[in-house]
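Chain and residue survey
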Amino acid sequence: FHINLRSHQYRQLNSGSGFQNCTQEGVKDVETEESNKFVPFLERINLRRSESKRSILVQVQSAESYKELYTCCSTVGTVKNMFHYTTGVEPMHFILVEFTKESDVLNILSTSSYSDESQAVPTQSQFLWFKASNRKLGKLKQNKSFKLSIQNGTEIIAESEVRDKLRQCRTVSDQMNVLYDITKLNDVGTRLRYLIARQIESMVSGMFPYASVYPFGSSVNGYGKMGCDLDLVLRLMDKKQNDSRLIFHSKATSGSDRSINQRYVEAIGDQIYLFLPGCSQVRRILQARIPIIKYHHQLTDVECDLSMTNMSGVYMSDFLYIMGELDDRVKPLIFTIRKWAKEVGLTNMSPGRWMTNFSLTLLVLAFLQKPPNSQPVLPSLNALVKLAGPDDKYVTADGIDCSFLRNLNKYNTRTKNRETLESLLTEFFEYYSQFDFASKAISLNEAVTLTKPEFSAMYIINPLERGLNVSKNVSLEEVERFRQEARNAAWMLQSQEKKIPNWGLLSVFENRAKMDFKLNFAINAKHSRLMNVKTLFDKEEEVVFKNEEIKQE
Ligand code: CTP
Ligand code: MG
């Protein structure tokens, strides 16, 4: 049997769309199996990593190709799951195939062929394409016990559809739950992200057989939405030392830790650029506090940030994950506040003097640790540190202690707070609209506010590296804008008319202050003649121009 899988070469892709899923009957999905029970973060990461080692991604002609692909893959191994998705304006079709064993993937890779084009770099990876067959396959050889089914999957939902669904809700709390449900990162999105991590791991595995690439940040901490960026950390040596007397010779490193780290990151970036199929727009950001490589993964349409530092980002994700798992209200609340901040222009894709989603998330968690008018929803980090057992002991290579209780099956305290999501949201806005950012620092370790140790407009103590301020970049103007927007949002929630079409969250997302800000910005831009005013306004928005001059321009 000729294996028609080819190592993947570059293809031009654009934005993402639908997913479909084909599952072998009787074989349970990791995600379905786990959905009702708490799985510790690092265990979950390991399950996903092992899943990615058993998976390949194949570009196909159409969803229908799954039958031929299934037949082809079944000659080499046992297929457990198949997922179909499309991406791009002229849709490109992909099928993610999960096998039952890692050796099945190794067999597939060793029997697959390379592109005929002489210019193509013959890289082997788990990204392949399925050559159209010239001959009729005849009757599809299907194992009777293996019934393929196609279910509807999830896609990046259009903004207009999100708004329609929110309009149809009965209460603000319902809107928050719906927003979370329809925008959160789904199973296939997660699988693809682990496959991207696996691609880097395989790339360096010749020289570094114990290298690991860990996803962290919103892709894995429970607060990621469909299409979110992927943060990755590459560890070249991810294995406990043993006491063998035979030790590998190794090269001594020269230069400061920082300069050598920059060189390594740069070298990995060059390899991604030169050799990895599907990876484009590789950029080096070496001067940042943590040097990173940014690139676009075209086959999955994911933006990636790769660093080579310690594991503290991963342990931080673990902390955020645990907080999200402690109470059902945490994730819908954080999704709503992240969405609000994006809509009113408090957060921004590019780095700068504004708040990041990460600092915003910590502000929400700090509020939930100590809502001013009610019982705590979440415990302090110190409370979790006190409960840490021997299995929870984690210290990074540079000595940062990240030990805290990781298995919530051992956590018996349940919150007495019974507030609705709507009331927590309003309280959040009220709390921060009056918060004394000028003199107070926020500590999630003790769940208190402290006197600021130094001047920074906003001070959130990094819970794992207490000497660092997570929001050091935020300017005084942005803190003021945050307070003002929070005040507006609280006012909108309390005073709105439920009969208007854009009620509840919709009115909060279409905050008046955003319009005024854009208008002011437009006036300034007009005066400095820097840009066309029209480009400042989203096409779908109805902007009431107050200023006749601007309207004309
Ligand atoms: N991180 C950290 N300390 C910082 C900044 C980031 O520990 N000062 C870690 C956190 O675990 C954070 C992750 O790096 O979640 C990724 O940061 P970032 O991409 O900025 O935030 P995300 O949570 O991934 O949110 P987004 O969806 O905006 O990418
Ligand atoms: Mg991120």
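Reference entry: report on the structure contained in this document.

Procedures and definitions
- Residues numbered from 1 in each chain as written.
- Chains lettered and ligands numbered in written order.
- Predicted model: local features only at pLDDT ≥ 70, side-chain atom pairs only at ≥ 80, totals over all residues.
- Heavy atoms only, no water.
- Helix = DSSP H or I, 4+ residues; strand = E, 2+ residues; numbered from the N terminus.
- Expected span 1.5 Å × (residues − 1).
- Buried < 20%, exposed > 50% of the residue type's maximum accessible area, 1.4 Å probe, protein only.
- Contact = heavy atoms within 4.5 Å.
- Patch = residues over 30% accessible without salt bridge, like charges linked within 9 Å, V, L, I, M, F, W, Y side chains within 5 Å.
- Areas by Shrake-Rupley, 256 points an atom, 1.4 Å probe, with all protein chains shown as cover.
- Salt bridge = Lys/Arg side-chain N within 4 Å of Asp/Glu carboxyl O.
- Near = heavy atom within 4 Å.
- Polar contact = N/O pair within 3.5 Å; in protein donor to acceptor, adjacent residues only side chain to side chain.
- Nonpolar A, V, L, I, M, F, W, Y, C, P; charged D, E, K, R; others polar.
- Axes fitted to C-alpha atoms, helices over the stretch in contact; angles between N-to-C directions.
- Parallel < 35°, antiparallel > 145°, perpendicular 65-115°, else oblique.
- Left-handed = near helix turned anticlockwise from the far one by under 90°.
- Pairing = 2+ DSSP bridges.
- Core = buried A, V, L, I, M, F, W, Y, C linked by side-chain atoms within 4.5 Å.
- Phe/Tyr/Trp six-rings, centres within 6.5 Å; stacked < 30°, edge-to-face > 60°.
- Lys NZ or Arg CZ within 6 Å of the ring centre and 35° of its normal.

1. Focus on helix α11 (residues 357–369)
A rise of 1.5 Å per residue sets the reference length of α11, with its 13 residues, at 18 Å; its end C-alpha atoms lie 18 Å apart and thus fit the reference within 8%. Of all 13 residues in α11, eleven are buried; the element is thus mostly enclosed. Turning to α11, its buried residues are S359, L360, T361, L362, L363, V364, L365, A366, F367, L368 and Q369. Residues of α11 that are buried sit in contact with α9 (312–326), α10 (330–343), α12 (381–386), α13 (421–433), β13 (440–443) and α14 (476–495).

2. Structural notes on unusual backbone geometry
Even without being a glycine, D301 presents a positive backbone phi close to 60 degrees. Considering the arrangement of structural elements, one finds D301 in the loop between β11 (292–297) and β12 (302–307). Not every positive phi belongs to a glycine, and A447 is a case in point at roughly 60 degrees. Mapped onto the fold, A447 is located in the loop between β13 and β14 (448–451).

3. Notes on α10
Taking 1.5 Å per residue as the helical rise, α10 with its 14 residues ought to reach 20 Å, and the 20 Å between its terminal C-alpha atoms agrees with that figure. One or two residues past the end of α10 sits G345, with phi positive at roughly 80 degrees.

4. Details of a nonpolar patch on the surface
Together, V121, Y273, L274 and F275 make up an exposed nonpolar region whose accessible area comes to about 390 Å². Along the chain, the position of F275 falls in helix α8 (residues 257–275).

5. What to know about the pattern of salt bridges
A complete count under the given rule lists 32 salt bridges for this structure. One salt bridge in this structure joins R167 and D164, with 3.0 Å as the shortest N-O distance. In this pair, R167 and D164 are both assigned in helix α5 (residues 159–167), three residues apart and thus about one turn of the helix distant. Since its relative accessible area comes to 33%, R167 is described here as partly exposed. On the accessibility criterion, D164 (37% relative accessible area) is partly exposed. Across the pair R191 and D187 runs a salt bridge whose closest N-O atoms are separated by 3.1 Å. Of this pair, R191 and D187 both sit in helix α7 (residues 187–204), separated by four residues, roughly a single helical turn. Within this structure, R48, E51, R54, K80, E98, D187 and R191 form a network of salt bridges that share partners.

6. Let's talk about the site of ligand 1
Around ligand 1, a shell composed of F216, G217, S218, N221, D231, G313, M316, S317, R338, N357, F358 and N462 is seen. A distance of 2.8 Å separates an oxygen atom of ligand 1 from a polar atom in the side chain of S218. Interatomic distance of 3.1 Å between a side-chain N/O atom of D231 and an oxygen atom of ligand 1. If ligand 1 stood free it would expose 570 Å²; the protein chains cover 75% of that surface. Contributing elements (two or more residues each) for the shell around ligand 1: α9 and α11. Examining the composition of the shell around ligand 1, we find that three residues originate from one element, α9, more than from any other. Its residues assigned to classes, the shell around ligand 1 shows three nonpolar, seven polar and two charged.

7. Quick notes on the packing of α9 against α11
Their axes nearest at 12 Å, the elements α9 and α11 cross at an angle of 45 degrees. If you check the angle between α9 and α11, you find them oblique. Taken as a pair, α9 and α11 cross one another with a handedness that is left-handed. Residues M316, L320 and M323 of α9 touch α11, and the partners they reach there are F358, T361, L362, L365 and Q369.

8. A few points about the environment of I272
As for its placement among the helices and strands, I272 is situated in helix α8. Placed 95 residues apart in sequence, I272 and N177 show a C-alpha to C-alpha distance of 39 Å. Excluding residues within four positions of it along the chain, I272 makes contact with I200, M203, C279, V282, I293, Y295 and L306.

9. Things to note about the sheet that holds β11
Taken in spatial order, the five strands line up as β8-β9-β12-β11-β10 in an open sheet, and their pairing is mixed. The open sheet has two free edges, formed respectively by β8 (212–216) and β10 (279–285), since each of these has just one partner strand. Recorded for the sheet is a direction-independent mean angle of 25 degrees between the axes of neighbouring strands. When β11 meets β12, the two strands line up antiparallel, connected through six bridges. Residue pairing across strands places H296 opposite E303, the latter belonging to β12. Where α7 meets the sheet, its contacts fall on β8, β9 (230–235), β10, β11 and β12, and the angle it forms with β8 comes to roughly 155 degrees.

10. Some points on the nonpolar core
The biggest cluster of nonpolar side chains holds 85 residues, and the ones touching the most others in it are W340, L365, F429, Y432 and F482. Per-element accounting of this core gives the leading share, nine residues, to α9. In terms of nonpolar packing, the next biggest core, distinct from the first, is built from 22 residues, A211, V213, L286 and V302 among them.

11. As for the packing of aromatic side chains
Scanning the entire structure with this criterion turns up 19 aromatic pairs. Measuring from ring centre to ring centre gives 5.7 Å for F367 and F428, while their planes differ by 85 degrees; the resulting arrangement is edge-to-face. With F367 in helix α11 and F428 in helix α13, this pair connects stretches of sequence that are 61 residues apart. On the basis of relative accessible area, F428 is assigned to the buried category, the value being 0%. Taking the ring centre of Y214 as reference, the NZ or CZ of R49 above it sits at 4.7 Å. The side chain of R406 reaches across the aromatic face of Y315, ending 5.5 Å from its centre.

Remember, this is a structural readout, not a statement about activity or role.
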